[in-house]
Structures are given as structure tokens and as C-alpha cells.
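# Examining the three-dimensional arrangement
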Amino acid sequence: MSGPLIILVGPMGVGKSTVGELLADRLGTAYRDTDADVVATAGKAISEIFFDDGEERFRALERQAVRDAVDQHTGVLALGGGAVLDEETRALLAGRPVVYLSMDVDEAVRRVGLNTARPLLAVNPRRQWRELMDARRPLYEEVAAVTVTTDERAPEEVAQAIIEALELPERTGGPVPSDQEKSRMTEQGTTRIQIAGTAGTDPYEVLVGRQLLGELPNLIGGLAKRVAVLHPEALAETGEAVREDLASQGYEAIAIQLPNAEEAKTVEVAAYCWKALGQTGFTRTDVIVGIGGGATTDVAGFVAASWLRGVRWIAVPTTVLGMVDAAVGGKTGINTAEGKNLVGAFHPPAGVLCDLAALDSLPVNDYVSGMAEIIKAGFIADPVILDLVESDPQGARTPAGPHTAELIERSIRVKAEVVSSDLKESGLREILNYGHTLAHAIEKNERYKWRHGAAVSVGMVFAAELGRLAGRLDDATADRHRAVLESVGLPLTYRGDQWPKLLENMKVDKKSRGDLLRFIVLDGIGKPTVLEGPDPAVLLAAYGEVSA
């Protein structure tokens, strides 16, 4: 019987997406999620489908999504929590390698709090969770070939248990293929990276490849009538070309030009966008598309989050920084005189299109700036990134380098894994701010004239020295920061006389709690942790190591 290698079923919040991604990676195959397919087909979030069209309509879309996926997909497939309610779906799953991921109510409370915006858990969520599970548990067990409990288990442990239970051979005959190699296996060389839905948000995909703009209509969907294309002045021709293409496909498309770079991230620019949307008659089913670097996608996401309390948006990042950082994870925002990104919202996109062709014409300094975020991902989670950069530093400085796609994909996967577990920066997500506490202070001090990656580079060297002086990080790893960053042309120092201003700026950093300064430091490569309230003398000594 052809079809998926593994089909994951189980309740919401059980970790199907996280475990599915891990399984796909270890088995050298692709991952797919029917919830994401439903969102793409409907052109709106699952919660909106329930509200606007009712559960019956959602179940019909879900039934078709499962049928299509089982027929077309040969990798790891995850189904929505209620998919097994449908009799046709249960019949379709008979005899297939279905794994039921189980979780008791206490574990559910620990993981998702049962206090988030779930369509079927609106009132007294703990009681309704029990009622849902009482109704669905027999159905999960009916379709399952294997049951794997997830209680008090890390996702890696769950994935291993599934592989052993199904007696699946992990990829042999050499190392597990790199993400770059796997991208060649996917359709038209496109890699699809799943971002799990959390805290009432829906899952979405980040696509990495070339010639991806043809995917825009699929992400926009058929319910949208109007599309607003936000782009910087530097990409006026691109923005207009996308607008014309969407208009030719029947959408009422407008282009809204923003200032370049950080100058776009002001309340005045956001208000200009709101006015344009209002004059166009933009409704909750319409869609915003942000094309440009990280500043553009930050603004596009913030405007989408704030217009009518939230409309769908799609990110089309055109810089390295935009692809690996700003467009992934749903953090949107604008700057104020008091600091960077202090006004914003968590509003994940409906999809992200990372077209590598956009990097071919990127100025070298902008490209290298983005490398700082890639190198950061290497230090906090994926040391293979560091190995790839060190193997060819000059190649890492250019989109024509041999490892470009793999570096970008690996960095996105690092962020995807973190934000899938912690959308709203309540815990794990803080590790993505490695090097950013000082970096944001430098950017404010320079009135946002410094490139973000340049500031992050100095910030990471500072964080490494802070970790070393605090007795957390070994000398070799601290020194490796300098070597890797310098090898691609990123700065390592900042003006020594600016420390008092920088210290004041850091006190309004988003990670600070009251007057308590907090920094992400490393206990080793891939071992980020929080350092709270370090001794002022240690801070000053660490800054002395990056002072020019």
C-alpha cells in the first residue's frame, strides 16, 4: 500500500509537528501537515474558519486535505486533532502506519496551559479537554497501529520510540543528508519547513528555493478579494511587478511603497499604511504581502496584526537577514525614540517565500550582515553551521557560495524549532536574542544607521566574553566567536567611550525585568542559558574586550 511512511494522530498540543519534523529529518524524507493544507485552501486561519463558516465546513475541508495528503505524500504526515472524527477518514487510515501520540490532561496543562485560543476549548477548557479526549481516545486507538505516550518525554525521545515501534530503518549508507541535499529531493528544488502553530495560531510553511512567487496565489487563497503589496522604495519595480501579476489573476491589488530599511519602522509609516487600507476597503479576509528586508516584513506584519485586529499576511523576504530572522516566527514591530521593536505584536504569517534568487543582486555588505544571524544559529543550536562557514569563509560571504542554501535552511530550522515551542518569548525563544541585548543598544546609539548584523556580531563577541568572565564558557569557544565572525568580514568592536549610554539603553531591553539586566550566554556550543543581574564590574570588563 503506497502512501505516507508515518501518519501521526493525537490531540492538539501533543507535539505532532515537532515530532513529525524530527522523524522526517532522521528518516531523510519530507514532512506535511493537513492543518497547513486546510489553511492554504481556505485562505484564512482555522479559528476563522470555525467562526465564519462553522465546524462542519472545517471538517469538510479537513476530510479532503487528509484524502489528498494520503494519496500524494510519501513522507511523515500529521493530521489535525479532530480528523479521526470523520468515518471516511478512519476507513482511509485502516491498515496504514498510524501512530497515536497520547497525552493526559495534566501534561496538556503543562504544555499549552489550556488557556489559549482553541476553537473547541473556549469555556472551561480543562473539563472540555477531558470530554474531548473521552470522545476521541477510542477513535485514535481504532486507527492506530502503534500508541506512543508523550508524557514527560522530550520530542527526540518520542521520535526514537516511534522509529523503534515501527521498526523503521534510519538512513544508512552514509550520513543523514544535509538540508541542502534534501532540498534537491523536493519538488522543483524547493524546501518546505513547517512552523507549528502555538498559542491559538495556525501552522505555516517557510519555502526556500528559486522562482517561488508562483506560490503566492496559493497562499493568498480564494477568499481574499484585495491584496496590498508593501515594499521598500529600493524594490519599487519588484513591488509593482508583483502587484500587476496579482491583478492579472483577479485580485484587487495595490502597492504601498515604504521608506528603505529602518526608516520604515515608525508609527507614521504604519499610519500611512492603515490609511491606504482604509481607503481601499480592506476587510478581514483580505491579505497583506510584505516584500523586502527585515524592516519591511516587520512593518507588514505589524500593519497586518493591527488592522481590524488581525488580517492574514505573507512574507517575501529578499535579504539574508529577512529570510533567517525577521520573516520567521511572527514577531512584528516598529521602533520608537526609546528603543527598537518596543511597539509590536506576535502575529505569524500565513506563509514565507524565501526566493534565493533575490540574494544574487544583494550588496555584499548587506549579505554579510545577514551572516551574523546565521552564525548565531550555529552557536546556540547547530554547530554544523559553524563548520560550513569555517570550511569556506569567502564562499559564505556570497550567494554564489557552495553552502548558501544549506546555511539558510539550517538557520531557519533552528528558529522554526524554537518558535514552534515558544511563540511569545515566554521561555525558550529568548535564546534567539543571543548577542542582541548589546546589539539593540548599539543600534539605538547609532540612530539605526548601523546594519543589524554588524551590531549583532559585536553583541555576540560581548556575550561570549561575558560568559567567559562569568565562568560559563570555555576559552576556545569564546575565541571561536571572534575567528568565525571576523572570517566573513563582520566587526568585533565598538567605541569604548559609549559604555554609559549603552548600559542605559540595555535597561529598556525586552528581556530586562524591572532593573534586572538579563543576558543570553553560552555554557558551550548549542547550550544557551540566561545570566541574570551580572556584576557591573564583570559587564564593564566584558565590554572592555570589545572596545575599540
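Numbering of residues starts from 1 in every chain and runs along the sequence as written. The predicted nature of this model means local features are confined to residues of pLDDT at least 70 and side-chain atom pairs, given and counted, to a pLDDT of 80 or more, with totals for whole chains, interfaces and linings taken over all residues. Working from all heavy atoms in the structure, the side-chain values ignore hydrogens and water.

Turning next to the packing of aromatic side chains. Working definition: a ring pair exists when centres of Phe, Tyr or Trp rings (six-membered ring for Trp) sit within 6.5 Å. Plane angles under 30 degrees give stacked, over 60 give edge-to-face, the rest tilted. All told, the structure shown has 7 aromatic pairs when counted by the stated rule. Here the aromatic residues Phe 462, Trp 499, Phe 519 and Tyr 543 are joined through ring pairs into a cluster of three or more.

Here we take up the pattern of salt bridges. Here a salt bridge means any side-chain nitrogen of Lys or Arg lying within 4 Å of a carboxyl oxygen belonging to Asp or Glu. Counting across every chain of the model gives 35 salt bridges. Asp 86 is the salt-bridge partner of Arg 63, the closest N and O atoms lying 2.7 Å from each other. Note that Arg 63 is positioned in helix 4 (residues 55-72) and Asp 86 in the loop between strand 3 (76-78) and helix 5 (87-93), a separation of 23 residues in sequence. When a residue's accessible area, from a 1.4 Å probe over protein chains only, is under 20% of the maximum for its type it is buried; when over 50% it is exposed; and in between it is partly exposed. With relative accessibility at 27%, the residue Arg 63 sits in the partly exposed group. Note on conventions: DSSP H or I runs of at least 4 residues are helices, E runs of at least 2 residues are strands, and numbering of each starts at the N terminus.

Counting buried positions along strand 14 (residues 351-355) gives 5 out of 5 residues, so the element sits mostly inside the fold. Here strand 14 shows a buried face lined by Gly 351, Leu 353 and Asp 355 and a second buried face lined by Val 352 and Cys 354. When DSSP finds two or more bridges between two strands, those strands count as paired. Note that strand 11 (residues 312-317) and strand 14 share 2 bridges and pair parallel. In the strand pairing of strand 14, Ala 315 is matched with Val 352.

Glancing now at helix 3 (residues 46-53). All of the buried residues along helix 3 are Ile 46, Glu 48, Ile 49 and Phe 50. Whether two residues are in contact is decided by their heavy atoms, any of which lying within 4.5 Å being enough. Of the surrounding secondary structure, the elements contacted by the buried residues of helix 3 are helix 2 (34-42) and helix 4. At the C-terminal side of helix 3, Gly 54 shows a positive phi close to 95 degrees.

Right, let's talk about the sheet that holds strand 2 (residues 31-33) for a bit. Pairing in this open sheet of 5 strands is parallel, and the strands run 2-3-1-4-5 from one edge to the other. Each edge of the open sheet carries a strand with a single partner, namely strand 2 and strand 5 (146-149). With direction set aside, neighbouring strand axes in the sheet form an average angle of 25 degrees. Relative to strand 5, strand 4 (residues 98-102) is paired through 4 bridges, and the arrangement is parallel. Considered in strand 5, the bridge of Leu 101 is made with Val 148. Working convention: axes come from line fits to C-alpha atoms, limited for helices to the stretch in contact. Angles between N-to-C directions cover 0 to 180 degrees. Strands strand 1 (6-9), strand 4 and strand 5 of the sheet are contacted by helix 8 (residues 155-166), whose axis makes an angle of about 155 degrees with strand 5.

Time to look at the nonpolar core. Side-chain atoms within 4.5 Å are what join buried Ala, Val, Leu, Ile, Met, Phe, Trp, Tyr and Cys residues into a set we call a nonpolar core. Val 206, Ile 288, Ile 375, Ile 408, Ile 412, Tyr 434 and Phe 462 are the most contacted members of the largest nonpolar core, which totals 95 residues. If we skip the residues at most four places from it in the chain, Val 206 touches Thr 191, Arg 192, Ile 193, Ile 195, Val 328, Val 352, Cys 354 and Ile 412. Among the nonpolar cores identified, the runner-up in size contains 22 residues, and Ala 78, Met 103, Ile 163 and Leu 168 belong to it.

Residue position: Glu 446 is located in the loop between helix 19 (436-445) and helix 20 (452-469). You can call Glu 446 buried: its relative accessible area is 18%.

With that settled, consider the packing of helix 15 (residues 364-380) against helix 16 (residues 383-391). At a closest axis distance of 6 Å, the pairing of helix 15 and helix 16 adopts a crossing angle of 130 degrees. Considering the angle they form, helix 15 stands oblique to helix 16. When helix 15 is examined against helix 16, the residues Met 371, Ile 374, Ile 375, Ala 377, Gly 378 and Phe 379 are found in contact with a partner set consisting of Pro 383, Ile 385, Leu 386 and Val 389. Among the residues making up the contact of helix 15 with helix 16, the classes are represented as 9 nonpolar, 1 polar and no charged. Angular relationships are summarised with four words: roughly parallel below 35 degrees, roughly antiparallel beyond 145, roughly perpendicular across 65 to 115, and oblique for the angles in between. In this classification, Asp, Glu, Lys and Arg are treated as charged, Ala, Val, Leu, Ile, Met, Phe, Trp, Tyr, Cys and Pro as nonpolar, and every other residue, Gly included, as polar.

Every residue is assigned a pLDDT by the predictor, reflecting its confidence on a scale from 0 to 100. Chain-level statistics for the chain give a pLDDT mean of 86 and a share of 87% at 70 or above. Of the regions scoring below 50 in pLDDT, residues 109-125 engages in 38 contacts with residues more than four places distant in sequence or in other chains.

Turning to the sheet that holds strand 6 (residues 191-195), a few remarks are in order. Sheet architecture is open: 7 strands sit in the order 6-7-14-11-10-8-9, paired in mixed fashion. Both edges of this open sheet fall to strand 6 and strand 9 (252-258), since each of them pairs with a single strand only. Between one strand and the next, the sheet's axes are offset by a mean angle of 15 degrees, whatever the strand orientation. Bridge count between strand 8 (residues 226-232) and strand 10 (residues 287-292): 4 bridges; the pairing is parallel. Counted as the bridge partner of Val 229 is Val 289 from strand 10. Taken strand by strand, helix 12 (residues 267-280) contacts strand 8, strand 9 and strand 10, and its axis lies near 165 degrees from that of strand 9.

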